[in-house]
Structure formats: C-alpha cells, structure tokens
Amino acid sequence: MAVSWSGAKEGDNVLDLCCGSGDLAFLLSEKVGPNGQVTALDFSKEQLQIAASRQRMRFKPCYKNIKWVEGNAVDLPFSDSYFDGITIGYGLRNVLDRPKTMEEMCRVLKKGSKVSVLDFNKSTHPIAISFQDWVIDNVIVPVASGYGLGSEYEYLKNSIKEYLTGDELEKIALEAGFSTAKHYEFSGGLMGNLVATR
C-alpha cells in the first residue's frame, strides 16, 4: 500500500526513508524495475547491514538497483527536486523533528511527486489501543527478534502514544510545503497512511 500510494513507477528514482532492514526498499525496487533507482536511507548502521545482507540473498535483477545510505532524515544528503517518490514504513514515528523531516522530504521531491508514510495509527479508542498492544507483543516483537532486533521494537507501544494523529500529520505536511495531504486509516484504525503531494 505504501509503495502503491507513493506513485512510484517503472524507471523512477525513489527514496525509502528510515528504511530499517529494507522491506519497503525491496518492494520499491520491484515497482521501479531494473531501469529505476532506489535509495534506502537509515541512521542505523546495524539495520543497513541487515538490509544489505538480505539484498545479497535475493536474485531478481531489480534488487541490484538499491543503494543503502547511512544518514539523517532531518538533513537529507540529496539535491532539491531529486526524487520521483518517497516511502517511509514505520519510521517517521522514530524521528524527533518530524516537521523538519517533512520539509526535507518536500525539498528533495520533484513537483507533483508524492510521499507515502505508513505507520501504526495513533488511536484514542480503548479497544484499538488494546488491540495494538496485543499485536506489538505477540506479532511485531517476536518477528523482529528473528532479525535480532527484538529489543529495538519493545519501545513500540510508547512511541505510538507519542506519535501524531492523522490530522496532525496532515497539518505538518501542508506546513512543510506539500500542496495536498490526506491521512487514511485502515485495519480497523490500527494502521494509517499519509499521502502528501508536492
């Protein structure tokens, strides 16, 4: 969903920001094909090493088009209007200065291009909160542990409570310079995806 809503297509130059161990980067590489380019940026050297090792175990030609970059989301090392699309999967929640990160994404996107931000939805409904807690404890942390990252994901419940609502995400995207911004909820309000167009 995050990849589709980013508008990425064959031959595009795209960014997967806060890429972690590379799940969205691999999906993006399939979308843009061997003639496209995927730049996957994260601040964690450990996550990037895991992503690169996963890339070496995959054999589709398009997977060769991924470049792993260590960097900071609030100071992107790219020129203005450089990318045709941006995705973030479960990463914006971990950035301390989200307005600045939105400004940076807007700066490096070409006019008319989109950013797609997928994450857990910040809910105020007790049932949705209980369901989120159960999914984190019984699905997310065990899966992450398989990659050796269980301890990094145990903070998840608190980070969701400190995250932004859909309305707040739309507001900071518009203030950052995006022309449109819409947040969509799905999975019974458990998840959300912001789509913003420069």
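A quick note: this is a predicted structure, and the numbers were derived from the prediction, not measured.

Enquirer: Sorry if this is basic, but what is going on with unusual backbone geometry here?
Expert: Glycine aside, residues mostly have negative phi angles, and peptide bonds mostly take the trans form. With a phi angle near 55°, Cys 18 is a residue other than glycine that sits in the positive phi range. Within the secondary structure, Cys 18 is located in the loop between strand 1 (13-17) and helix 2 (23-32). With a phi angle near 50°, Ser 81 is a residue other than glycine that sits in the positive phi range. Looking at the secondary structure, you find Ser 81 in the loop between strand 3 (66-70) and strand 4 (83-89).

Enquirer: How do you make sense of helix 5 (residues 126-146) when you look at a structure like this?
Expert: Every α-helix carries 3.6 residues per turn, so stepping three or four residues along brings you back to the same face. For helix 5, built from 21 residues, the straight-helix expectation of 30 Å at 1.5 Å per residue is met to within 8% by its first-to-last C-alpha distance of 30 Å. In the structure, helix 5 departs most strongly from a straight axis at Ile 136, where the bend amounts to approximately 40°. Taken as a whole, helix 5 has its buried residues at Ala 128, Gln 132, Val 135, Ile 136, Val 141 and Ala 144. Once helix 5 ends, the next one or two residues include Gly 148, with phi positive near 80°.

Enquirer: What is the right way to read empty space enclosed by the protein from this model?
Expert: If a probe as big as a water molecule is rolled over the atoms, it shows which places are left empty. Using the criterion set out here, one finds one cavity of 30 Å³ or more in the structure. Every residue lining the largest cavity is listed: Val 117, Leu 118, Asp 119, Phe 120, Tyr 163, Leu 169, His 183, Gly 192, Asn 193 and Leu 194. At the level of elements, strand 5 (109-120) and strand 7 (191-197) are the ones that each hand at least two residues to the lining of the largest cavity. Tallying contributions element by element places strand 5 first for the lining of the largest cavity, with four residues. Among the residues forming the lining of the largest cavity, the class breakdown is six nonpolar, three polar and one charged.

Enquirer: Would you mind showing me how to read a nonpolar patch on the surface here?
Expert: Together, Phe 131, Trp 134, Val 139, Val 143 and Tyr 147 make up a nonpolar patch on the protein surface, roughly 490 Å² of accessible area in all. Summarising the element assignment, Tyr 147 is placed in the loop between helix 5 and helix 6 (150-153).

Enquirer: Please explain the pattern of salt bridges as it appears in this structure.
Expert: Charged atoms that come close allow side chains of opposite charge to pair. This structure, assessed with the given rule, holds nine salt bridges. The salt bridge partner of Asp 80 is Arg 107, with a shortest N-O separation of 2.8 Å. In this pair, Asp 80 is assigned in the loop between strand 3 and strand 4 and Arg 107 in helix 4 (residues 98-108), connecting sequence segments 27 residues apart. Taking the relative accessible area as the measure of exposure, Arg 107 reaches 23% and is therefore partly exposed. Overlapping salt bridges bring together Asp 80, Lys 100, Glu 104 and Arg 107 as one network.

Enquirer: Looking at this structure, I do not really get the sheet that holds strand 5. What am I missing?
Expert: Strands pair in a sheet through their backbones, by hydrogen bonds, and they do so in one of two ways: parallel or antiparallel. Strands sit in the order 3-2-1-4-5-7-6 across an open sheet of seven strands; the sheet is mixed. Two strands lie at the open edges of the sheet, namely strand 3 and strand 6 (180-186), each paired on one side alone. Along the sheet, successive strands turn relative to each other by an average axial angle of 15°, direction set aside. Bridge count for strand 5 against strand 7 is seven bridges, and the pairing is antiparallel. Counterpart to Ser 116 in the pairing with strand 7 is Val 195. Helix 4 contacts strand 1, strand 4, strand 5 and strand 7 of the sheet and is inclined by roughly 140° relative to strand 5. Along the sheet face, helix 8 (residues 166-176) touches strand 6 and strand 7 and points at about 160° away from the line of strand 6.

Rules used throughout
- Residues numbered from 1 in each chain as written.
- Predicted model: local features only at pLDDT ≥ 70, side-chain atom pairs only at ≥ 80, totals over all residues.
- Heavy atoms only, no water.
- Helix = DSSP H or I, 4+ residues; strand = E, 2+ residues; numbered from the N terminus.
- Expected span 1.5 Å × (residues − 1).
- Bend = angle between axes of the 7 residues up to and from the residue.
- Buried < 20%, exposed > 50% of the residue type's maximum accessible area, 1.4 Å probe, protein only.
- 1 Å grid on protein atoms, 1.4 Å probe; cavity = no way out; pocket = protein on both sides within 12 Å on 5 of 7 lines; lining within 4 Å.
- Points joined across faces, edges and corners; volume = space filled by probe spheres on them.
- Nonpolar A, V, L, I, M, F, W, Y, C, P; charged D, E, K, R; others polar.
- Patch = residues over 30% accessible without salt bridge, like charges linked within 9 Å, V, L, I, M, F, W, Y side chains within 5 Å.
- Areas by Shrake-Rupley, 256 points an atom, 1.4 Å probe, with all protein chains shown as cover.
- Salt bridge = Lys/Arg side-chain N within 4 Å of Asp/Glu carboxyl O.
- Pairing = 2+ DSSP bridges.
- Axes fitted to C-alpha atoms, helices over the stretch in contact; angles between N-to-C directions.
- Contact = heavy atoms within 4.5 Å.

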